[in-house]
Structures are given as C-alpha cells and as structure tokens.
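One-letter residues, chain by chain:
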Amino acid sequence: MSDWIRPRHLPEALEILATAPGPYRVISGGTDLMVECHLAPERRPESWLDISGLRELQGLQITEEGIRIGAATSLEAIRRHAEVVAHWPMLAASAAVTGAPPIQNRATLGGNVCNASPAADNAPTLLAYGARLEIVHHHGSRWLPYGDFHLGYRKTALQPGELLSALWIPYPPKHSRGYFRKVGTRAAQAIAKVSIAALIEVNSDGIIQSAHFGMASVAATPCALPSVSQYLLGRALCDIADMQVRQKVKQDIAPIQDIRSTTAYRLEIASRLVLEAIHKRSESKKEN
Amino acid sequence: MSTTMRINGKAFQSSSAPNARLLDVLRNECDLKGTKEGCGEGECGACAVLVNGRLVNSCLVPLGQMERAEITTVEGLPEDSALAQAFVQCGATQCGICTPGMMLAATALLAEYANPTLEEIRWGLSGNLCRCTGYGRIYAAIAQVAGGFADV
Ligand SMILES: Cc1cc2nc3c(=O)[nH]c(=O)nc-3n(C[C@H](O)[C@H](O)[C@H](O)COP(=O)(O)OP(=O)(O)OC[C@H]3O[C@@H](n4cnc5c(N)ncnc54)[C@H](O)[C@@H]3O)c2cc1C
Ligand code: FES
Ligand code: FES
C-alpha cells in the first residue's frame, strides 16, 4: 500500500520533506506525474506528498510591484484571471495553449516549471517577464530569478527538502509590448516545436530600452536569448539588421533533432519568430 | 485508508490505494464502464469525467485527491436528455468509444456557454479525440442543443 500524505498547511509539508527527503515524491496537478507512472510503472513512487491541499500555494494576489501566483494554482485559474489578462497577456496566452481544457483544469504553473521540460510552454513567458521564484524549505525561504532555475536538461536548482511555493511576476515596463507564440502541430495539446515570448520596450524616439526573450524547445532547457537582447539594447528600430539578429539567435540556442522536428527547422523557425517578435511589436496586436 | 466521494449523486467509499487512477476506481470498483480508457496518458479524453463540475481526464487523477469530491460520469447524465437526443439525431456517435467523454465535455461547455460559437465548441472539445465522425456531427449536435451556432 502506498503512502499518501495530503497536508493542509505548508509547515507540515516542509516538515515531512525535511525529515524524510528522498522517498517522498511531490505531486500537484499530476498531469506530468500520472503519465510518468503509467509509462514506467516500475518507477512508481511508494510515498507521495500531495501539495494540492496547501492553501498557501493557491491563488493569485496583486501587489504594488506585480502579481504573486501560488505554485499550485491551476493554469485554468491563471488564464481567466482578469488582472493576468490585462497586465500579463503573454501568461494568459501561454496558459491557454498548455494542453486542452481537461489538462488546464488540473495542471499547475508550479508543476509546469518544476517538471523542467525544455518544451514547457509557460517557461518562455516567465523568462520574458523576468519572473522570480519563491522557494521554501523547513528552515526558511529564498528567492531565485527564474532565469537561474534550470541548470541542465531536466535539472533544476531545487534542493532536496525544497518546494516551489510561488512565482512572482513584476508589472511590465510601461511602454513595453509582449509577443507570445507557440508553433506546434495542432492547436490543442501538441508539444511545442518551438515557443517564444518577447517583451520589448521602445521609447518615443524608436530606441529599444529593453528586450527580454524566452524560448522553449530550442535547447536542453527553456532559455533566454542574451546575445539577441544585448544586440537590441539601445538600438533604433530602424537600425536592426535581420541577418545580425539571426546570427545572435544561432549563438543563443542549441536546438536538437528529435521526433518532432529537425535542428535546421527549429533554428529557422526560432529566427523567424524572434524577427517577428521584434517587428510586430510596433503594431498593437494581441499576442496569441 | 479509504476515500469518500460522491459519484453521480451517491456517496461512495473507495478502498483502493490513494495512487490508484480515478479511472480504475470508476470502472472496476464502481462498475461504471461508461468511462473508457483510450490512451491512459491524458491525450484522448475517452476517460473524461466531471470533478466538482470541471472536466478532467480520470486517467490522470489519483484517488488520493478525490476526498469529498463530487464526480459525474456519463451514467450520471440525465437519460434521454436534449444532448443525448441531439447526438443520436445528428449522427454524432459511431463506434461510441469517444461518446461518453464527448458528452461530458459538451456538458461542461454548455454549463459555461449556453450559446457557444463554433470556436468555443472546438475549444471545449479540443481535449477529446474521435476517430470516426470527423467532429462535424458532434459540433452540430452541441449547436442543436444550444439552439444553433452562435454568431461570432
Ligand atoms: C495530454 C497532455 C498535454 C499536455 N500539453 C502540454 C503543453 O501543451 N505544454 C506544456 O508545457 N505542458 C503540457 N503538458 C504537461 C503538463 O500538463 C504541464 O507540465 C503541467 O503544468 C504540470 O503541472 P502539474 O501540476 O500537473 O504537475 P505534476 O505532474 O503534479 O508535477 C510535475 C513535476 O513537478 C514537481 N512539482 C510540482 N509542483 C511542485 C512544487 N510546487 N514544488 C516542487 N516540485 C513540484 C513534481 O514532483 C513533478 O516532478 C501536457 C500533459 C498532458 C498529459
Ligand atoms: S484514457 Fe484518459 S485521456 Fe485517454
Ligand atoms: S465515434 Fe468512434 S471514436 Fe468517436
């Protein structure tokens, strides 16, 4: 008989993780874990820590600087949240393309991040918005920029005994515009071939004040595009050389060849998406 | 350890392990065979049920999370409802494997949008696969219940 603990409060959960770190497997919405268990029943965990009942990990709160989203909040609740739709439209968009409704009703934002798939659809959005993670432990908590969370293929900065408790996203700069797009094979439930989020801020003289990107499925982890951002910073929109941008994209990503796509296709799509994000941002188009 | 829930309006206590799939509890313990297993991986929606009114794939739901949950399977939908009649009239069911999941997805959709557009119908059913009908007849059945496709 497996051991299943579903605590109501965070300290209780952290105590369990601290005293018995290795064997307890954290489960939230279960949309990744239950598939894993089905595909590899021999690796099914014996002991489960179910965090879906922790009130501290639920819900969205607006603060002066931005929004705090409990790690166990469902993608469904996120994509419908009026403030998210109004101020963080890329997050509403990425949550809305993460699987179909029955997945979104269960899948959590924290689970999408902690599962650490290079194809996680909300990862680009969180990178582009400069999200920070609140990570908790029996003895306290720490903050981590989301950009520092993915250490390698499916390897995260979470230490044994730690839980992701919340994601914190600042308000985007006033004159910035977002762009999100997922390229897959079918609209619902397809794993992305490439997805991108971009947040670009341009002043009234047409000079780029800041440019932040996130991409999924183009490297071993979701990644930002530091060389592209560097190239764009301080540059006038009319001075952007597309060939240069393509060169920088190539420096920043390391696409793989797999069953869903070839390296060359991913590189080409990634470059086109970045260019589209840069050039389209000047139109007041809604992301999708 | 046991888990108590309400299934189709009746109290039920399951003695399965907490990591058991809700799908298996429904089919094997409750003998509710209307809920189908297609893929077992969340892709097809044949196992879809409503948990507290929300559409979920029961192959991905561990029993341990169902304490006090209100569960509706296809057997819990009213017999001979307008929806069931529309499915028959429009030819929205052929082999029938997807039909229970489709009816539950349609129920969740219509609870939210009494008069859905074609786009909303497509979205509401996007987690359910059908290998027979080509979907058009299923969309038509839902539109019929709602009094026609809403204009966009
Ligand atoms: C049919 C189907 C379609 C899908 N489509 C997409 C898609 O289009 N795009 C996409 O990105 N994903 C997709 N997914 C994957 C999945 O739904 C998401 O990654 C989801 O957000 C995972 O969240 P969860 O709460 O269900 O995670 P769980 O399965 O509960 O957990 C996932 C992992 O994260 C860990 N974890 C969860 N929460 C925490 C926490 N707070 N602290 C520490 N560790 C934690 C767990 O231990 C586990 O290792 C799909 C899945 C299915 C089955
Ligand atoms: S059997 Fe559950 S989604 Fe296919
Ligand atoms: S009727 Fe056969 S799968 Fe839909």
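Residues numbered from 1 in each chain as written. Chains lettered and ligands numbered in written order. Predicted model: local features only at pLDDT ≥ 70, side-chain atom pairs only at ≥ 80, totals over all residues. Heavy atoms only, no water.

Glancing now at the overall build of chain B. Across its full length, chain B holds five helices and five strands. In chain B, the order of α-helices and β-strands from amino to carboxyl end is β-β-α-β-β-β-α-α-α-α. Expected size for 152 residues packed as a compact globule is a radius of gyration near 15 Å; at 15 Å, chain B falls within 12% of this value. Taken along the three principal axes of its C-alpha coordinates, chain B extends 50 × 25 × 25 Å. Every one of the 152 residues in chain B was classed for burial, and the buried ones make up 51%. Excluding contacts between residues fewer than 6 apart, the proportion of contacts in chain B whose partners are at least 24 apart in sequence is 57%. With the model as given, the accessible surface of chain B reaches about 6800 Å², and the carbon-plus-sulfur share is 49%. Side-chain charges in chain B split into 11 positive and 15 negative, and the spacing between the mean points of these groups amounts to 4 Å. (Helix = DSSP H or I, 4+ residues; strand = E, 2+ residues; numbered from the N terminus. Rg over C-alpha atoms; globule rule 2.2 N^0.38 Å. Buried < 20%, exposed > 50% of the residue type's maximum accessible area, 1.4 Å probe, protein only. Contact = heavy atoms within 4.5 Å. Areas by Shrake-Rupley, 256 points an atom, 1.4 Å probe, with all protein chains shown as cover. Lys, Arg positive; Asp, Glu negative; His and termini not counted. Charge placed at Lys NZ, Arg CZ, Asp CG, Glu CD.)

What follows deals with the interface of chain B and chain A. On the chain A side, the residues contacting the 30 residues of chain B number 33 residues. Here chain B and chain A share an interface that buries about 2400 Å² over both sides, 56% of which is from carbon and sulfur atoms. Considering only the side of chain B, the residues that lose the most area to chain A are Leu 60, Gln 65 and Trp 123 of chain B, jointly responsible for 26% of the buried surface there. The tally of links between chain B and chain A comes to two salt bridges. Per element, the largest residue contribution to the side of chain B that touches chain A is four residues, and it comes from strand β4 (residues 54-57) of chain B. Of the residues in the side of chain B that touches chain A, the class split is 13 nonpolar, 10 polar and seven charged. (Buried area = accessible area lost by both parts, 1.4 Å probe. Salt bridge = Lys/Arg side-chain N within 4 Å of Asp/Glu carboxyl O. Nonpolar A, V, L, I, M, F, W, Y, C, P; charged D, E, K, R; others polar.)

Right, let's talk about the domain arrangement of chain B for a bit. All names here are of chain B. Examined at the domain level, chain B breaks down into domain 1 (3-76) and domain 2 (82-146). The gap between the C-alpha centroids of domain 1 and domain 2 is 21 Å. In this complex, domain 1 contributes 13 residues to the contact, which on the side of domain 2 involves 11 residues. Roughly 940 Å² is buried in total at the junction of domain 1 and domain 2, and carbon and sulfur atoms are behind 71% of that figure. It is strand β3 (residues 48-51) that contributes the most residues to the side of domain 1 that touches domain 2, three residues altogether. Grouping the amino acids of the side of domain 1 that touches domain 2 by side-chain chemistry returns seven nonpolar, four polar and two charged. (Domains from an automatic or database assignment.)

Right, let's get into the environment of Cys 90 of chain B. Residues and elements named next belong to chain B. As for its position among the elements, Cys 90 is in helix α2 (residues 82-90). Among the residues examined, Cys 90 registers a relative accessible area of 17% and is labelled buried. A C-alpha to C-alpha distance of 32 Å links Cys 90 and Asn 28, two positions 62 residues apart in sequence. The contact partners of Cys 90, leaving out residues within four places of it in the chain, are Arg 137, Ala 140, Ala 141 and Gln 144.

Attention shifts here to the sheet that holds strand β12 (residues 194-202) of chain A. Residue and element names in this part refer to chain A. Strands sit in the order β11-β12-β13 across an open sheet of three strands; the sheet is antiparallel. At either end of the open sheet lies a strand with only one pairing partner, and these are β11 (176-183) and β13 (208-216). Averaged over all pairs of adjacent strands, the angle between strand axes in this sheet comes to 10°, irrespective of strand direction. With eight bridges joining them, β11 and β12 adopt antiparallel strand pairing. Within the sheet, the bridge partner assigned to Gly 178 lies in β12 and is Leu 199. (Pairing = 2+ DSSP bridges. Axes fitted to C-alpha atoms, helices over the stretch in contact; angles between N-to-C directions.)

Glancing now at the site of ligand 1. Close to ligand 1 lie 35 residues, the nearest being Val 26, Thr 31, Asp 32, Thr 108 and Asp 121 of chain A. Positioned at a junction of chains, ligand 1 has nearby residues supplied by chains A and B. Contact between ligand 1 and Thr 108 of chain A: an oxygen atom at 2.6 Å from a side-chain N or O atom of the residue. A distance of 3.0 Å separates an oxygen atom of ligand 1 from a polar atom in the side chain of Lys 182 of chain A. Among the residues forming the shell around ligand 1, the class breakdown is 17 nonpolar, 12 polar and six charged. (Near = heavy atom within 4 Å. Polar contact = N/O pair within 3.5 Å; in protein donor to acceptor, adjacent residues only side chain to side chain.)

Summing up the model confidence of chain B, the mean pLDDT is 96 and the portion of residues at 70 or higher is 99%. Prediction confidence for the complex, expressed as pTM and ipTM, is 0.95 and 0.96 respectively. (pLDDT = per-residue confidence, 0-100.)

To continue, consider the pattern of salt bridges. In the structure shown here, the tally under the stated rule is 16 salt bridges over all chains. Arg 272 of chain A is the partner of Glu 268 of chain A in a salt bridge, and the nearest nitrogen-oxygen pair spans 2.7 Å. Of this pair, Glu 268 of chain A and Arg 272 of chain A both sit in helix α11 (residues 263-280), four residues apart, which is roughly one turn of the helix. Under the relative-accessibility criterion, Arg 272 of chain A is labelled exposed at 52%. Among the salt bridges present, the one from Asp 31 of chain B reaches Lys 33 of chain B, with a minimum N-O distance of 3.2 Å. Among the residues examined, Asp 31 of chain B registers a relative accessible area of 53% and is labelled exposed. Linked by salt bridges that have partners in common, Glu 76, Arg 79 and Arg 80 of chain A together with Arg 54 and Glu 112 of chain B make up one network.

Taken as a whole, chain A is organised into domain 1 (3-50) and domain 2 (176-279). Distance from the C-alpha centre of domain 1 of chain A to the C-alpha centre of domain 2 of chain A: 36 Å.

A few words on helix α10 (residues 242-252) of chain A. Residues and elements named next belong to chain A. By the burial criterion, the buried members of α10 are Val 245, Val 249 and Asp 252. Buried residues along α10 cover an arc of 65° about the axis, so they all sit on one side. In α10, those exposed residues whose orientation departs by more than 90 degrees from the buried face are Met 243, Lys 250 and Gln 251. In this structure, the buried residues of α10 make contact with α9 (226-232) and α11. (Arc of directions from axis to C-beta.)

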